Amino acid sequence: MRPDSVRGHLDGLILAVLETGPLHGYAIIEALQARSGGALDLPTGTVYPALRRLERAGNLAGSWSTVGGRERRTYKLTRAGRHALAAQRGEWKEFRDVVNRVLGGEPWPATG
């Protein structure tokens, strides 16, 4: 899957991965790959700017930690991030339903 395919949804995907607990940046990329069955193979140049943006927005809290002898930035959801995730899920469901109506091959009910 191309990185531009997730445009507009990356924030929600990252927030969802962090819902289960804090992760460092590269572990977030690995979790996205694992949860998507390998379909989401996003480059660091896509994910790291999104992490910084989400942290600036108050949806994530980042802290430095040592993992395997290396300093890494670990991110966790904030209360605002949990609210943002709930909103993202609602928007996704609405978007998915609209796309299904258009591309899904189901006839649209006639009006009038």
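Residues numbered from 1 in each chain as written. Predicted model: local features only at pLDDT ≥ 70, side-chain atom pairs only at ≥ 80, totals over all residues. Heavy atoms only, no water.

S.K.: How do you make sense of helix α4 (residues 79-103) when you look at a structure like this?
M.R.: Structurally, the α-helix is built with 3.6 residues per turn, so residues lying three or four positions apart point the same way. End to end, α4 covers 36 Å across 25 residues, agreeing with the expected 36 Å (1.5 Å per residue, within 8%). Listed as buried for α4 are Gly 81, Ala 84 and Leu 85. Packed against the buried residues of α4 are α1 (10-18) and β3 (70-77). (Helix = DSSP H or I, 4+ residues; strand = E, 2+ residues; numbered from the N terminus. Expected span 1.5 Å × (residues − 1). Buried < 20%, exposed > 50% of the residue type's maximum accessible area, 1.4 Å probe, protein only. Contact = heavy atoms within 4.5 Å.)

S.K.: Sorry, what's going on with helix α2 (residues 25-35) here?
M.R.: Every buried residue of α2 is listed here: Gly 25, Ala 27, Ile 28, Ile 29, Ala 31 and Leu 32. Here the buried face of α2 lies against α1, β1 (23-24), α3 (44-56) and β3. Two residues or fewer past α2, Gly 37 is found with a positive phi of approximately 65°.

S.K.: What am I meant to see in the side chain of Asn 59 here?
M.R.: Of note, Asn 59 is situated in the loop between α3 and β2 (60-67). What Asn 59 contacts, discounting residues up to four positions off in sequence, is Leu 15, Leu 54, Lys 76, Leu 77, Thr 78, Ala 80, Gly 81 and Ala 84.

S.K.: How should a nonpolar patch on the surface be read in this particular structure?
M.R.: A cluster of nonpolar side chains, namely Val 98, Val 102 and Leu 103, defines an oily patch on the protein surface of about 320 Å² accessible area. Its place among the elements puts Leu 103 in helix α4. (Patch = residues over 30% accessible without salt bridge, like charges linked within 9 Å, V, L, I, M, F, W, Y side chains within 5 Å. Areas by Shrake-Rupley, 256 points an atom, 1.4 Å probe, with all protein chains shown as cover. Salt bridge = Lys/Arg side-chain N within 4 Å of Asp/Glu carboxyl O.)

S.K.: What is the right way to look at the sheet that holds β3 in this model?
M.R.: Sheet strands pair via backbone hydrogen bonds, and the direction of the pair is either parallel or antiparallel. One open sheet accounts for three strands, arranged β1-β3-β2; its pairing is antiparallel. Here the strands that pair on one side only, and so sit at the sheet edges, are β1 and β2. In terms of strand pairing, β1 meets β3 through two bridges, oriented antiparallel. The residue bridging His 24 from the neighbouring strand is Thr 74, located in β3. Sheet contacts for α1: β1, β2 and β3; angle to β3, the most-contacted strand, approximately 100°. (Pairing = 2+ DSSP bridges. Axes fitted to C-alpha atoms, helices over the stretch in contact; angles between N-to-C directions.)

S.K.: Looking at this structure, I do not really get the pairing of β2. What am I missing?
M.R.: Looking along a regular strand, one sees the side chains alternate between the two faces of the sheet. Across eight bridges, β2 lies against β3 in antiparallel orientation. Note on β3: the bridge partner recorded for Ala 61 is Lys 76. Hairpin connection between β2 and β3: a loop of two residues separates the two successive antiparallel strands, and Gly 68 in this loop has a positive phi of roughly 60°.

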